[in-house]
Amino acid sequence: MDLKNGSVVTEFILLGFSGQWELQIFFFVTSFLIYSATVLGNILIMVTVTFSSTLHSLKYFLLGNLSFLDMCLSTVTTSKMITDLLNEHKTISIWGCMTQMFFMHFFGGAEMTLLIAMAFDRYVAICKPLHYRTIMSHRLLSGFVILSWTIGFVHTMSQMVLTVNLPFCGPNVIDNIFCDLPLVIKLACMDTYTLEFFVIVDSGLLSFICLILLPVSYTVILITVQQRSSGGLSKAPSTLSAHIIVVTLFFGPCIFIYAWPFNSFAGNKVLAVFYTVITPLLNPIIYTLRNQKMQGP
């Protein structure tokens, strides 16, 4: 399928994790178990939040949406990687590649925004507990969710509308486990300097802003908790520290990849695994399974 007249490339080759067959089997089993745990864990969280009367609060409304985004992001990237591990020829059609990149940036951008909303929710709950019900209304929380989906859509459309019509007529090998926007743009048969710069500003800046805002908000919360040091907040430092670790694992690789997006390096695939495979599994563990209400009968 051609994107423009004159294009001769109809599919891309994903190098993935190349190696001996035994190593491929190991990666397949590991990835399949992680993906299965991610999907089952997030579905369990969404079902529990939806049908449990004790979890119909504002915080869990955000947690349910986070689980849905994590499951979608993992499915878009990990499912294709698992399938390729069993195939000798790891290929993806051009439009399949474009679709994967569209939804990856859509769900990723939405999750970034939602994590900021969740940090703000925790800030109000801990630092301004008497005004929590007044500030964090259902209307505001619904607005946060709608805003996160809107930002995700605008974020991906602003890049894909400029990428989908690029001509591809030469090399078609992508040295990654999935279609990554910077690497795909690099294969276009035209000068893409302006588009490359736009991708750095769009994806890199969004990730950087989120990475700055989230640790700052969690630091303020930790300071507040330390000053109050009440029994009810005794578990907050360890929980918030775990949140910061997950945020770093998600945004750190994103910033590193999009800060130097058009120069391949050996650890590129490893970093990609962190924010597309590992983080969607850690989020339900950190944000919900450590919560006593989620563990209760």
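Quick caveat, the model's predicted, so the values are computed rather than measured.

Q: What am I meant to see in the overall build of the protein here?
A: Counting secondary structure elements, the protein contains 10 helices and 3 strands. From first element to last, N terminus to C terminus, the protein shows the α and β order β-α-α-β-α-α-α-β-α-α-α-α-α. Taking all 297 residues of the protein together, 49% fall into the buried category. Once local pairs closer than 6 in sequence are excluded, the contacts in the protein between residues at least 24 apart make up 79%. For the protein, the computed accessible surface area is about 14200 Å², with 70% contributed by carbon and sulfur atoms.

Q: Which parts of the structure should I look at to understand the nonpolar core?
A: One recurring pattern in soluble globular proteins is that nonpolar side chains are buried together. In this structure, Phe107, Ile177 and Phe251 are the most contacted members of the largest nonpolar core, which totals 47 residues. Mapped onto this core, the elements with two or more residues apiece are α1 (21-51), α2 (58-85), α3 (94-127), α5 (138-163), α7 (193-228), α8 (236-259) and α9 (268-289). Broken down by element, this core gets its largest block of residues, 13 residues, from α3. Ignoring anything within four residues of it in the chain, the contact list for phenylalanine 251 reads Met112, Leu115, Ser207, Cys210, Leu211 and Leu214.

Q: How do you make sense of the sheet that holds strand β2 (residues 91-93) when you look at a structure like this?
A: Backbone hydrogen bonds are what pair the strands of a sheet, in a parallel or an antiparallel way. Strand order in this open sheet of 3 strands is β2-β1-β3, and the pairing throughout is mixed. Sheet topology places β2 and β3 (173-174) at the edges, where each strand pairs with a single neighbour. In the packing of α3 onto the sheet, the strands contacted are β1 (11-14), β2 and β3, and the crossing angle to β2 comes to about 85°.

Q: What am I meant to see in the pattern of salt bridges here?
A: Side-chain pairs of opposite charge can arise where the charged atoms are in close proximity. By the definition in use, this model includes 2 salt bridges. Where lysine 80 meets aspartate 84, a salt bridge forms, and the shortest distance between an N and an O atom there is 3.2 Å. Of this pair, lysine 80 and aspartate 84 are both found in helix α2, 4 residues apart, which corresponds to roughly one turn of the helix. Note on accessibility: lysine 80 and aspartate 84 belong to one class, buried. Two residues, arginine 122 and aspartate 121, come together in a salt bridge whose shortest N-O distance is 2.7 Å. Of the two residues, arginine 122 and aspartate 121, neither departs from the other in class, the shared state being buried.

Q: Would you explain the packing of aromatic side chains in this entry?
A: Aromatic rings considered in pairs are described by the distance between their centres and by the relative angle of their planes. All told, the structure shown has 14 aromatic pairs when counted by the stated rule. Ring geometry for phenylalanine 103 against phenylalanine 107: centres 5.9 Å apart, planes inclined by 25°, an arrangement best described as stacked. Linking phenylalanine 103 with phenylalanine 107, this pair stays in helix α3, spanning 4 residues, or about one helical turn. You can call phenylalanine 107 buried: its relative accessible area is 9%. Taken together, the ring pairs in this structure connect Phe68, Phe102, Phe103, Phe106, Phe107, Trp149 and Phe153 into an aromatic cluster.

Q: Which parts of the structure should I look at to understand the UniProt feature "transmembrane region" (unreviewed entry) in the protein?
A: Feature annotation in UniProt assigns "transmembrane region" (unreviewed entry) to the following positions: residues 25-48, 60-82, 102-120, 140-158, 205-225, 237-260 and 272-289. Note that residues 60-82 is 100% helix and 0% strand, and that its end C-alpha atoms are spaced 31 Å apart.

Q: What is the right way to look at the state of the cysteines in this model?
A: Per the counting criterion, the structure on display carries 2 disulfides. Each sulfur in the disulfide pair cysteine 97 and cysteine 179 lies 2.1 Å from the other. Residues cysteine 97 and cysteine 179 are joined through a disulfide that is left-handed, its torsion about the S-S bond being -130°. Residue cysteine 97 is found in helix α3, and its partner cysteine 179 is found in the loop between β3 and α6 (181-186); the two are separated by 82 residues along the sequence. The pair cysteine 97 / cysteine 179 is uniform in exposure class, with both members buried. One disulfide in the model links cysteine 169 with cysteine 189; its S-S distance is 2.2 Å.

Parameters at a glance
Residues numbered from 1 in each chain as written. Predicted model: local features only at pLDDT ≥ 70, side-chain atom pairs only at ≥ 80, totals over all residues. Heavy atoms only, no water. Helix = DSSP H or I, 4+ residues; strand = E, 2+ residues; numbered from the N terminus. Buried < 20%, exposed > 50% of the residue type's maximum accessible area, 1.4 Å probe, protein only. Contact = heavy atoms within 4.5 Å. Areas by Shrake-Rupley, 256 points an atom, 1.4 Å probe, with all protein chains shown as cover. Core = buried A, V, L, I, M, F, W, Y, C linked by side-chain atoms within 4.5 Å. Pairing = 2+ DSSP bridges. Axes fitted to C-alpha atoms, helices over the stretch in contact; angles between N-to-C directions. Salt bridge = Lys/Arg side-chain N within 4 Å of Asp/Glu carboxyl O. Phe/Tyr/Trp six-rings, centres within 6.5 Å; stacked < 30°, edge-to-face > 60°. UniProt positions renumbered as here; feature names shortened; annotations may be inferred. Disulfide = S-S within 2.5 Å.

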